[in-house]
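Breakdown of the fold
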Amino acid sequence: MKFTEKIEIPEEILLSLGKSGEELVDEMKKTLAVRYYQEKKLSLGQCAGLAGVSEEDFIKYLSGFNISIFSYLSEEELVEDIRNA
């Protein structure tokens, strides 16, 4: 199931940004996905779905913001994860 809502964006905003309405909506979805991923509100897969891209492409998109998909609280956690790989 999908949710659809209409939002109004002044044309001057689109002109100032040099974007079409579709491009802006795409960017908004990706921005929300990054935020929800950082806040750990949604999983990587859910955020990729929200952004409308594959998980691999979302990981690449995150890297553009210097956001890693790996989160270790300590060096020991990282070492343990490497040993288990």
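Look above for the structure.
Computed from a prediction, not measured in an experiment: that's the story for all the values here. (Residues numbered from 1 in each chain as written. Predicted model: local features only at pLDDT ≥ 70, side-chain atom pairs only at ≥ 80, totals over all residues. Heavy atoms only, no water.)

1. Points about a negative patch on the surface
Condition: The residues that make up patches have over 30% relative accessible area and no salt bridge, and they are joined within 9 Å when like-charged or within 5 Å when they are Val, Leu, Ile, Met, Phe, Trp or Tyr. Accessible surface area values rest on a Shrake-Rupley calculation with a 1.4 Å probe, where residue burial reflects the displayed protein chains alone. We count a salt bridge whenever a side-chain nitrogen from Lys or Arg sits within 4 Å of a carboxyl oxygen from Asp or Glu. Charge convention: Lys and Arg are scored as positive, Asp and Glu as negative, and His as well as the terminal groups of each chain are ignored. We put the charge of a Lys on NZ, of an Arg on CZ, of an Asp on CG and of a Glu on CD. Per the convention used, a helix needs a DSSP run of H or I reaching at least four residues, while a strand needs a run of E reaching at least two, with both numbered from the N terminus.
A surface patch of like charges, here negative, comprises Glu75, Glu76, Glu77 and Glu80. Structurally, glutamate 75 is set in helix α5 (residues 75-84).

2. Considerations on the packing of helix α3 (residues 44-51) against helix α4 (residues 55-63)
Filter applied, for reference: Between N-to-C directions, angles cover 0 to 180 degrees, with each direction set by a line fitted to C-alpha atoms, over the stretch in contact for helices. Each angle gets one of four labels, with under 35 degrees taken as roughly parallel, over 145 as roughly antiparallel, 65 to 115 as roughly perpendicular, and the rest as oblique. Between two residues, a contact is recorded if the distance between any of their heavy atoms is within 4.5 Å. Each residue gets one label: Ala, Val, Leu, Ile, Met, Phe, Trp, Tyr, Cys and Pro are nonpolar, Asp, Glu, Lys and Arg are charged, and the others, such as Gly, are polar.
The N-to-C vectors of α3 and α4 enclose an angle of 90°; their axes lie 9 Å apart at closest approach. Taken as axis vectors, α3 and α4 run roughly perpendicular relative to one another. Between α3 and α4, the residues in contact are Leu44, Gly45, Cys47, Ala48 and Ala51 and Glu55, Phe58, Ile59 and Leu62, respectively. Partitioned by chemical class, the residues of the contact of α3 with α4 number 7 nonpolar, 1 polar and 1 charged.

3. A few points about the side chain of lysine 30
Here is the rule we go by: Per-residue accessibility, obtained with a 1.4 Å probe over protein chains only, is compared with the maximum for each type, and a residue is labelled buried under 20%, exposed over 50%, and partly exposed between these values.
Structurally, lysine 30 can be placed in helix α2 (residues 21-38). Judged by its relative accessible area of 18%, lysine 30 falls in the buried class. Other than its neighbours up to four places away in sequence, lysine 30 contacts Ala51, Val53 and Tyr61.

In short, geometric facts, not functional conclusions.
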